[in-house]
Structures are given as C-alpha cells and as structure tokens.
Amino acid sequence: MTAAVHPAITDPAVRAHLARLAAQAGTIPSGATDADADDATRLTELRANPSWVRLPDDETLESIDLDADGLALRLYRPRAAHRGTLVFAHGGGWVAGDLDNNDALCRALAAATGTQVLSVDYRLAPEHPFPAGLDDLERALRFAASGAEGLIDPALLGVAGHSAGGNLAAALALRAREGLAPGIRVQVLLCPVLDAPDPSRPSYRAHTENLPLTAKGMQWYWGLYVGDAAGGGAGGRAPAAGGGAPVVVPVEAAPLRAHDLAGSAPAVIVAAAVDPLVDEAGDYAGRLTASGVPVTFVRRAGVPHLFLVFPSTPARDEVLAQVAPAVRAAFA
C-alpha cells in the first residue's frame, strides 16, 4: 500500500483528511487489517485507537451510562423533544471498538433524527465469535423493550449500526421479523456488511488498496468473526477460496443471503461509493424494495468506508440530514 489517496475519493474534505493522515503515517490507514503481523498484534493495534473518545455533552444532547444485567450501554438523549429509540451497534469489524469509537456518530445521529440512540458495548471476536455480538444486541433491544427504567418508550424501537454494527442491526431486524426479538419500526444500516466477502464482486475488485477498508481487510475481519460457524447450519453459499466447494454461510452473519425479506422493518441504508461493501448494500436495498419493504437508500459518491466517522468533513452531516426524515417518519 502506498501513501496515495485512492483516485475515486473525490470529496474534497474527505480527501484532505486522508491526505493528512497519510502524511503523518506514511500510508493511508487501514487499521492493522492489511498488515502481515500475527492476529494478536494486529488486534492490539486496532483496539488501541487513540481517536476513540467520549465527547462532552452539550446543550443539545446528554449521554447516560446504563447497565443491562452486565451489558454496558450508553443512551444518547436529545434535550429537546424526541421520539423513538434506535438500539445501535458500533463498527470495528466485530473485533474492535467500544462505546467510544462511534460516540460522535451516535451524537450526530440522535441530533439529526430527533431520536434517542442506545449504543451497545457488545462482546468482540475472536474471543467471542458469531453470534455473540448479535446476541448482545438482542439483549439490549429487550432491555429497551422493557422500558429501560422509564427512559425508553417500548412501543417506538428501531435498530441501527455502522459497518460491522450495521451487519448486526440487519441480522437483528431479521430476528425481529420472525418474532424472535422485540418488534421494531425501522432499521438504519450505515455502510453495513451484508454478505460474506466475495472477491468476485466488482466493488471488491476495485477497492484493494489506499483505502480505510480494503477487500483484504474485510476478509480478515470476517474470518475472525465467523470462523468455524461458516460451513454448517442454515444459510446461503459463499465462494470458497481457491475455487473450492462453496461454503455455507449463516444467514444471520450474511443477511443478504436470507431467502425472503418480506415483512422486514422499513430500512434506511447508507453506502459509500468507494468501499468494498457498496455493491452488497445496493443489492440489499434492491431485494428489500422488491419484497415490498420501504427503503431509503443513499449512495454517497466520492467517499470511502468510515467517512461517517471522519472529523471535520461535511459529508456525514449531509447524509444524516438526507436520511433523517425516513427515521422520523418511522416513529411518527
């Protein structure tokens, strides 16, 4: 990987941000995902990200730490009138992250939509592989459905997530559709992982270097999260490395492989155009629409994966403003 910013990243503020990072580090940062070090070393580097901080509350929003029988949560609550609650899963490839790494995004999402956001400190792989994180998100949704000691209206719930957290949110929406989890009114999927890595996808072939998330990085994350769960149980089939027999993938790890999406909660999906995941986000939006599910789909041109968590760029706020009406309508 070189220090050049990918030519498809044309958003001026995002490009300038990545150029600054490249000048500091000598390369476009993709975490430790493209490194050749052992997994333990790479995980330690990822989990020690100094940019993950909790911002101070202000006149528009307060944050409240909660506990659901040992599961740490943080409720972001607009001080003005608000309606509905989104149970939120942070990004980090299922292997990194905590309540701080998407703190700024949660605050922006709550402010833009006028909803509460309940962020979940779910268990991480590889110590706790699939479906541990998903099960924790369901625990949080059940806590919200209990009313969270009067802080949450249990009749006005949704799920949301960023990146790997978008995968968890989509999978939990499928559980809710099946009656296996409390009912929800909306699913907000921000640059989500929706399928097993597929090197044959055009978006995987096009995004292999000089990006915050590369095709190689996505495959590394997936292997740590799903691990031995692939290869058995109900699911769709993913291409095998080296052209071998297809691998059975659990649908709850790859929601795009669900046989039927009818009856799912209305969806809000955001995709970054310069991202290995952009094709599957578009495919999922298309399948939901074909199944009669209302979908708001925003494909932001000129930006890579993680653009929603970059500081000092207007792209995040512009996209959240685009999707906010659909979230508010779901809770009307």
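What counts, and at which threshold
- Residues numbered from 1 in each chain as written.
- Predicted model: local features only at pLDDT ≥ 70, side-chain atom pairs only at ≥ 80, totals over all residues.
- Heavy atoms only, no water.
- Helix = DSSP H or I, 4+ residues; strand = E, 2+ residues; numbered from the N terminus.
- Rg over C-alpha atoms; globule rule 2.2 N^0.38 Å.
- Buried < 20%, exposed > 50% of the residue type's maximum accessible area, 1.4 Å probe, protein only.
- Contact = heavy atoms within 4.5 Å.
- Areas by Shrake-Rupley, 256 points an atom, 1.4 Å probe, with all protein chains shown as cover.
- Core = buried A, V, L, I, M, F, W, Y, C linked by side-chain atoms within 4.5 Å.
- Polar contact = N/O pair within 3.5 Å; in protein donor to acceptor, adjacent residues only side chain to side chain.

Draft legend 1. A look at the overall build of the protein chain. The secondary structure content of the protein chain amounts to nine helices and 10 strands. Computed over C-alpha atoms, the radius of gyration of the protein chain comes to 18 Å, within 12% of the 20 Å expected from 2.2 N^0.38 for 332 residues, which places it in the range of a compact globule. Projecting the C-alpha coordinates of the protein chain onto the three principal axes gives extents of approximately 50 × 45 × 35 Å. A burial count over the protein chain gives 55% of its 332 residues as buried. A sequence separation of at least 24 residues applies to 72% of the contacts in the protein chain between residues at least 6 apart. Entry remark: accessible area of the protein chain is about 12,700 Å², with carbon and sulfur atoms responsible for 54%.

Draft legend 2. Main features of the nonpolar core. Within the largest apolar cluster, 73 residues are counted, with the highest numbers of intra-cluster contacts made by Leu73, Trp94, Leu118 and Tyr284. Of the residues forming this core, the biggest block, nine residues, is contributed by helix H5 (residues 164-177). Among all residues touching Leu118, those that are not within four sequence positions of it are Leu66, Leu73, Arg74, Leu75, Thr85, Leu86, Val87, Phe88, Ala140, Phe143, Ala144 and Ile152. Listed in part, the 40 residues of the second largest apolar core include Ile28, Leu105, Leu211 and Phe310.

Draft legend 3. Just the side chain of Thr115, in detail. Relative to the assigned elements, Thr115 resides in the loop between helix H3 (103-113) and strand S4 (116-120). Residue Thr115 is classed as buried on the basis of its relative accessible area, which comes to 1%. Of note is the side chain of Thr115, whose polar atom sits 2.8 Å from the side chain of Thr113. Residues in contact with Thr115, not counting those within four places in the same chain, are Tyr76, Pro78, Arg83, Gly84, Leu86, Ala110, Val327 and Phe331.

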